[in-house]
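Each chain, written out:
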Amino acid sequence: MSFQAIPGQAAAKRLLQNGLRQDRLSHAYIFSGPVGTGRSEMALALAKAIYCQNGIDDACGECLECRKVEHGNHPDLHMVSPEGASIKIEQIRELQKEFAYRATASGTKIYVLYHAEKMTVQAANSLLKFLEEPNSRVVAILITENGNALLPTIQSRSQWIQFTPMAREQMVLTLLEEGLPAALVGPAAHVTAGLQAARDLIGANWFAEMRTVMLQLAKETLTRFPTSMITVQQRIVKTELADHVSTLFDLLILWFKDMVQLRLERRDKLVYNDQLDWMSSLALSRDVSIWVRMMEQAVDLQKRLRFNANSQLVIEKMLVEMQGV
Ligand SMILES: [Zn+2]
């Protein structure tokens, strides 16, 4: 992984690469942002660029140092993740010991803390003392979903790097370039917050099936209703899809959005592009206000799932509402 290979996050790259070029890296960085926005990849890219024998502001990816980082066996790079529910003071002490006694080959030691917001108060205070030691060449990278959850004293000693969710269009393009199936890329990019989350969803063996079943239900409910109830029973309730009913609603809400677009004769931003034939004629059979109302009902019913409502009943209620209009 190099900076160049990470999609998006231009502001973060600019800050880090300027620091590398001017040899003015901060002692500590907070990489704050949602899961799937490339925070871990960026941490590795920074480590590689620091150690790389060839590149100045990015890694060559080929030299011995780059490969050591890639393979997770660079002696001066340390990773710390929560043990159980938290990062404990013993883990920070361990790190400090490691840093105090071992000579570095490269001149710079780097440590990466995953889920940094999960440090116990003791661990955070211990880390703070570490950050205050000005003598050594150490770069700390604190990865977190919420940098504001860190001690204010840690925040004030660190440079904040904000990671933003990628724009949908960019996400779709990147996933397509990776060769993932187009029929799944659109829906996955719309129901997740980041690239990795979308990749995981596409890779989950139930996701493609859920998309197929959702489309079948939408079609059946509006044309031959009794069949749709059987479909719910046989293809959702009795299968592993039963564990992912909220995603069914995510997909259905996207489908209603497509129907609204089609009813308004807008075809450029559709998620279910490969289903245009039957969807466009069905879209015209109802007024746009009806599609909007169905979408709102789907949003409401999806909320009930969060309060442990019986998911089969919630799906059936949705289908009855759809059929009634
Ligand atoms: Zn290199």
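Residues numbered from 1 in each chain as written. Predicted model: local features only at pLDDT ≥ 70, side-chain atom pairs only at ≥ 80, totals over all residues. Heavy atoms only, no water.

Caption draft 1: Representation of the pattern of salt bridges. Counted under the stated rule, the structure contains 10 salt bridges. Arg 137 is paired through a salt bridge with Asp 23; the nearest N and O atoms lie 4.0 Å apart. Highlighted residues: Arg 137 in the loop between α5 (121-132) and β4 (138-144) and Asp 23 in the loop between α1 (10-21) and β1 (28-32), separated in sequence by 114 residues. Owing to a relative accessible area of 56%, Asp 23 belongs among the exposed residues under this scheme. In this structure, Asp 274 and Arg 211 form a salt bridge, with 2.8 Å as the shortest nitrogen-oxygen distance. Separated by 63 residues along the polypeptide, Asp 274 in the loop between α12 (245-263) and α13 (276-284) and Arg 211 in helix α10 (residues 207-223) bring together distant segments of the chain. Residue classification places Asp 274 among the partly exposed positions, given a relative accessible area of 49%. (Salt bridge = Lys/Arg side-chain N within 4 Å of Asp/Glu carboxyl O. Helix = DSSP H or I, 4+ residues; strand = E, 2+ residues; numbered from the N terminus. Buried < 20%, exposed > 50% of the residue type's maximum accessible area, 1.4 Å probe, protein only.)

Caption draft 2: The arrangement of the sheet that holds strand β2 (residues 77-80) in detail. The five strands are arranged β2-β3-β4-β1-β5 in an open sheet whose pairing can be described as parallel. The sheet terminates laterally at β2 and β5 (159-162), the two strands that pair on one side only. Between one strand and the next, the sheet's axes are offset by a mean angle of 15 degrees, whatever the strand orientation. In the sheet, strand β3 (residues 109-113) pairs with β4 via five bridges, with the strands oriented parallel. (Pairing = 2+ DSSP bridges. Axes fitted to C-alpha atoms, helices over the stretch in contact; angles between N-to-C directions.)

Caption draft 3: Representation of the nonpolar core in the model. Within the largest apolar cluster, 54 residues are counted, with the highest numbers of intra-cluster contacts made by Phe 249, Trp 255, Phe 256, Tyr 272, Trp 291 and Met 322. Ignoring any residue separated from it by four or fewer positions in sequence, one finds Phe 249 in contact with Ala 298, Leu 301, Gln 302, Leu 305, Val 314, Ile 315 and Met 318. Listed in part, the 25 residues of the second largest apolar core include Leu 20, Ile 50, Ile 141 and Phe 163. (Core = buried A, V, L, I, M, F, W, Y, C linked by side-chain atoms within 4.5 Å. Contact = heavy atoms within 4.5 Å.)

Caption draft 4: Summary view of unusual backbone geometry. In this model, Asp 23 sits at a positive phi of 50 degrees, which is unusual for a non-glycine residue. Backbone geometry at Glu 265 places phi at a positive 65 degrees, although glycine is not the residue there. Residue position: Glu 265 is located in the loop between α12 and α13. The class of Glu 265 is exposed, set by a relative accessible area of 61%.

Caption draft 5: Local environment of the coordination of the zinc ion. The protein atoms donating to the zinc ion are Cys 52 (SG), Cys 60 (SG), Cys 63 (SG) and Cys 66 (SG), with metal-donor distances spanning 2.2 to 2.4 Å. Taken together, the four donor atoms coordinating the zinc ion and their angles of 102 to 118 degrees define a geometry best described as tetrahedral. Coordination of the zinc ion draws on donor residues from a single chain, spaced C-x7-C-x2-C-x2-C in sequence. Highlighted residues: Cys 52 in the loop between α2 (39-51) and α3 (64-70) and Cys 66 in helix α3, separated in sequence by 14 residues. The residues Cys 52 and Cys 66 share a single accessibility class, namely buried. (Donors = N, O, S within 2.8 Å, 3.2 Å for Na, K, Ca; no water. Tetrahedral: all angles 85-135°; square planar, octahedral: opposite > 155°, others 65-115°.)

Caption draft 6: Inspection of helix α15 (residues 311-324) at higher detail. Here α15 contains 14 residues, and its C-alpha end-to-end distance of 20 Å stays within 8% of the 20 Å for a straight helix at 1.5 Å per residue. For α15, every residue scored as buried is listed here: Val 314, Ile 315, Met 318, Leu 319 and Met 322. The arc that holds every buried residue of α15, seen down its axis, measures 135 degrees, which confines them to one face. Set apart from the buried face of α15 by more than 90 degrees, the exposed residues are Leu 313 and Gly 324. Among the structural elements, α10, α11 (225-237), α12 and α14 (288-306) are those in contact with the buried residues of α15. Its side-chain oxygen 2.9 Å from the backbone nitrogen of Gln 312, Asn 310 forms the N-cap of α15. (Expected span 1.5 Å × (residues − 1). Arc of directions from axis to C-beta. Polar contact = N/O pair within 3.5 Å; in protein donor to acceptor, adjacent residues only side chain to side chain.)

Coordinates in, geometry out; function isn't part of it.
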